[in-house]
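Each chain, letter by letter, is given below.
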Amino acid sequence: MDRSYDLQSWKLFLAVARKGSISGVCNDFGMDAAGASRVLSALEKSLGDVPLINRSVRPLALTDNGKIAFSYAEKMLSLREEM
């Protein structure tokens, strides 16, 4: 499945980016950390294997591409809410 078209994947990405933790948002999305990580990995893969989150630091940090994606995702979800 191409996760780049899935709004729930983008919502998860935004939540993780804001919180700096995958496990910190799992309850809100009704999934475990492994499942959330798989969704984020699938999102990155659907964008051409572009890493969005640097998983090697704590708290998690956005890559340069992740910062760009974050901005677009916020706009996309905001427009969706307006619609």
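Residues numbered from 1 in each chain as written. Predicted model: local features only at pLDDT ≥ 70, side-chain atom pairs only at ≥ 80, totals over all residues. Heavy atoms only, no water.

K.L.:
Which residues make up the pattern of salt bridges, and what are the values?
P.N.:
Side-chain pairs of opposite charge can arise whenever the charged atoms involved come near each other. Applying the stated criterion across every chain yields a total of three salt bridges. Between Arg3 and Asp6 there is a salt bridge; the shortest N-O distance is 2.8 Å. Measuring nitrogen to oxygen at the nearest pair gives 3.1 Å for the salt bridge that ties Arg55 to Glu44. On the criterion of sequence distance, the pair formed by Arg55 in the loop between β1 (53-54) and β2 (61-62) and Glu44 in helix α3 (residues 33-46) is long-range, its members being 11 residues apart. With a relative accessible area of 9%, Glu44 lands in the buried category. (Salt bridge = Lys/Arg side-chain N within 4 Å of Asp/Glu carboxyl O. Helix = DSSP H or I, 4+ residues; strand = E, 2+ residues; numbered from the N terminus. Buried < 20%, exposed > 50% of the residue type's maximum accessible area, 1.4 Å probe, protein only.)

K.L.:
Mind laying out the environment of Ser56, listing which residues take part and the relevant values?
P.N.:
Within the secondary structure, Ser56 is located in the loop between β1 and β2. Judged by its relative accessible area of 66%, Ser56 falls in the exposed class. Residues Ser56 and Leu79, spaced 23 residues apart in sequence, show a C-alpha to C-alpha distance of 32 Å. A polar contact of 2.6 Å, which involves the side chain of Ser56, links it to the side chain of Asn54. (Polar contact = N/O pair within 3.5 Å; in protein donor to acceptor, adjacent residues only side chain to side chain.)

K.L.:
Would you mind going over the packing of helix α1 (residues 7-19) against helix α4 (residues 64-82) in detail, with residue names and values included?
P.N.:
Contact geometry of α1 with α4 gives a least axis separation of 10 Å together with a crossing angle of 125°. With respect to their mutual orientation, α1 and α4 come out oblique. Like other packed secondary-structure pairs, α1 and α4 cross with a definite hand, here left-handed. For the pair formed by α1 and α4, the contact residues are Leu7, Trp10, Lys11, Phe13, Leu14, Ala17 and Arg18 on the first element and Gly66, Ala69, Phe70, Ala73, Glu74, Met76, Leu77 and Arg80 on the second. (Axes fitted to C-alpha atoms, helices over the stretch in contact; angles between N-to-C directions. Parallel < 35°, antiparallel > 145°, perpendicular 65-115°, else oblique. Left-handed = near helix turned anticlockwise from the far one by under 90°. Contact = heavy atoms within 4.5 Å.)

Read these as geometric descriptors, not functional statements.
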